[in-house]
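The lines below spell out each chain.
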Amino acid sequence: MQYVWRHIPLFRFLLPLILGILLANNFFIRIEVILILAVFLTICSVSLHFYTKRKLNRKLIQVNSVLLILLLFLGGWLISYYHNQIYSPKHFSHKKAANAYLVRVVNNPSVKPKSVSLEVEVLEVLDTSASFPCIGKAQLFVALDSASKTIAYGDELLVANKLKKIAKPANPYQFDFKKYYSTKNIYHNGFITSDNWQRTNKQKGNPLQKLGYTIQNNLQLQFKRYFKDDVIRGIAQAIVFGYKEELDDEAMEAFSKTGTIHVLAVSGLHVGIIFIMLSFILQLQNSKGRALAIKSAIVLLVLFLYCLITGFSPSVSRASIMFGLVLLGKVFLRQASIYNTLSFACLVLLIANPNNIFNVGFQFSFLAVFGIVFYKDGFRRLLPTSNWLADKIITLLAVSIAAQITTFPLGLYYFHQYP
């Protein structure tokens, strides 16, 4: 532990931040108390810093280190609190007399057998006399017809107040939709019939996100053109760019029972394949100076576009950040530490969205990489060989076993099976 604390400095920031996020989601303390504590600790830390700068005192430096760790803990708490909009007085659920809502579609609509699934942000609450600006997200299911099929990302809709709080599971071991949606900052859902919504002829969204959905839709059209078998097309779309809406239930069950369900999730493996292909095409290993910088920028741009197409999946984002840091290290002639790189990627993703910590893909991704890095070489040394083919086989086995050691507890907890 002392080695970790000394040689992996970013882990010092990561651990208290994670603890703050976890406790903020399990215990309620008035935010004013957290803010007062944070301000007080900041003043103490800054004061100690300037004091020890003039007069060196080892004990006071250690005290200041503890204060900084506590500040990071409170920082995690604050990030989690302000990210979860349900705590805000502007959340639409606090307006009890709402007749209708003005909402904007914030995801790529998914067509179901009887409805169109939409993730929306609520812009305004409307009652009989006025409208009030508000915040908050909800999951809407709009009755399937020719009009609802054409709803697209960024569309603004006027919908009747049919939203209800997402209920807790009624039976033991039933999937907890309430908990699942809460990690996406969604606490309400509702079914809207055809006569309970209308367009406003306004459309506004993030241009980059819109680009990602446009590319994804075009890819779906191409897959429909070349893959006539629905099952094969669903699997191919899931593997290539993470679109799972057309996956067959029987295929999903087959992959689950054989322990290969992770193949259907876009992950660091996909990013690694793209990185290797681009490195080979651009001859990245043989480049130096300005040429290396330009080629690295091209690789980073492609990885960013892939993140965009996959909806910034946590595992894809994690791998892209790590590959990006390795590339930057090469450009600036710096040796990257895999543990620091992993910690940095985790920090970035948690600051961007603290609810990522509850994402199953996020947990599997980081634990698998940690297991591979920590255990692989140890297993590899157990079976030394000079044969090229045997070496490759043993290396792959070592990687597989190392990843399983750290992820099998999660598999047992979430899926009640060991692959």
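The model shown is predicted, which means the values in this text are computed figures rather than measured ones.

Draft legend 1. Focus on the overall build of the protein chain. Each helix and strand counted, the protein chain has 14 helices and nine strands in total. With the principal axes as the frame, the protein chain shows a C-alpha extent of 70 × 65 × 50 Å. Counting across all 419 residues of the protein chain, residues that qualify as buried make up 37%. Relative to all contacts within the protein chain whose residues are 6 or more apart in sequence, the contacts with residues 24 or more apart total 67%. Surface exposure of the protein chain reaches about 25,100 Å², of which carbon and sulfur atoms provide 65%. Considering the protein chain, the positive charge centre built from 43 side chains and the negative charge centre built from 20 side chains are found 15 Å apart.

Draft legend 2. Expanded view of helix H10 (residues 289-309). The end-to-end C-alpha separation of H10 is 31 Å, in line with the 30 Å expected for 21 residues at 1.5 Å each. What H10 keeps buried is the set Leu 292, Ser 296, Val 299, Leu 303, Tyr 306, Cys 307, Leu 308 and Ile 309. Count one or two residues on from H10 and you reach Gly 311, which has phi positive near 75 degrees.

Draft legend 3. Highlighting the pairing of strand S8 (residues 186-192). In terms of burial, S8 is largely enclosed, as five of its seven residues are buried. As judged from the five bridges shared by strand S5 (residues 137-143) and S8, these two strands associate in the parallel manner. Considered in S8, the bridge of Leu 140 is made with Gly 190. Here strand S7 (residues 164-165) runs beside S8; their pairing, made up of two bridges, is antiparallel. The partner of Lys 164 across the bridge, within S8, is Asn 189.

Draft legend 4. Looking closely at the pattern of salt bridges. Going through the model one piece at a time under the given rule, you end up with seven salt bridges. One salt bridge connects Arg 30 with Glu 32, and the closest N-O pair in it is separated by 3.5 Å. On the basis of relative accessible area, Glu 32 is assigned to the partly exposed category, the value being 39%. In this structure, Arg 104 and Glu 156 form a salt bridge, with 3.0 Å as the shortest nitrogen-oxygen distance. Here Arg 104, found in strand S1 (residues 100-105), pairs with Glu 156, found in strand S6 (residues 155-160); they are 52 residues apart in sequence, far enough to count as distant. Where salt bridges share partners, they join Arg 104, Glu 121 and Glu 156 into one cluster.

Draft legend 5. Representation of the nonpolar core. Ranked by internal contacts, the top residues of the largest apolar core, which has 20 residues, are Phe 92, Tyr 101, Val 103, Leu 118, Leu 140 and Leu 157. In terms of residue count, the dominant contributor to this core is strand S3 (residues 115-126) (five residues). Setting aside chain neighbours within four positions, we find Leu 157 in contact with Tyr 101, Leu 102, Val 103, Val 105, Leu 118, Ile 151, Trp 197, Gln 198, Arg 199 and Thr 200.

Draft legend 6. Summary view of the packing of aromatic side chains. Under the criterion given, the structure shown has 16 aromatic pairs. Ring geometry for Phe 241 versus Tyr 243: centroids 6.4 Å apart, planes at 25 degrees, classification stacked. Of the two residues, Phe 241 and Tyr 243, neither departs from the other in class, the shared state being buried. Chaining the aromatic ring pairs together yields one cluster made of Phe 223, Phe 227, Phe 241 and Tyr 243.

Draft legend 7. Layout of the pairing of S1. Within S1, six of the six residues are buried, which leaves the element mostly enclosed by the surrounding structure. With burial as the criterion, each face of S1 is covered, one bearing Ala 100, Leu 102 and Arg 104 and the other bearing Tyr 101, Val 103 and Val 105. Here six bridges tie S1 to S3, and the two strands are oriented antiparallel to one another. If you follow Leu 102 over to S3, its bridge partner there is Glu 124. Strand direction decides the pairing type here: S1 and S6, joined by five bridges, are antiparallel. Each bridged residue has a counterpart across the sheet, and for Tyr 101 the counterpart in S6 is Val 159.

Criteria and cut-off values
Residues numbered from 1 in each chain as written. Predicted model: local features only at pLDDT ≥ 70, side-chain atom pairs only at ≥ 80, totals over all residues. Heavy atoms only, no water. Helix = DSSP H or I, 4+ residues; strand = E, 2+ residues; numbered from the N terminus. Buried < 20%, exposed > 50% of the residue type's maximum accessible area, 1.4 Å probe, protein only. Contact = heavy atoms within 4.5 Å. Areas by Shrake-Rupley, 256 points an atom, 1.4 Å probe, with all protein chains shown as cover. Lys, Arg positive; Asp, Glu negative; His and termini not counted. Charge placed at Lys NZ, Arg CZ, Asp CG, Glu CD. Expected span 1.5 Å × (residues − 1). Pairing = 2+ DSSP bridges. Salt bridge = Lys/Arg side-chain N within 4 Å of Asp/Glu carboxyl O. Core = buried A, V, L, I, M, F, W, Y, C linked by side-chain atoms within 4.5 Å. Phe/Tyr/Trp six-rings, centres within 6.5 Å; stacked < 30°, edge-to-face > 60°.

Limitation: the analysis is restricted to geometry and does not speak to function.
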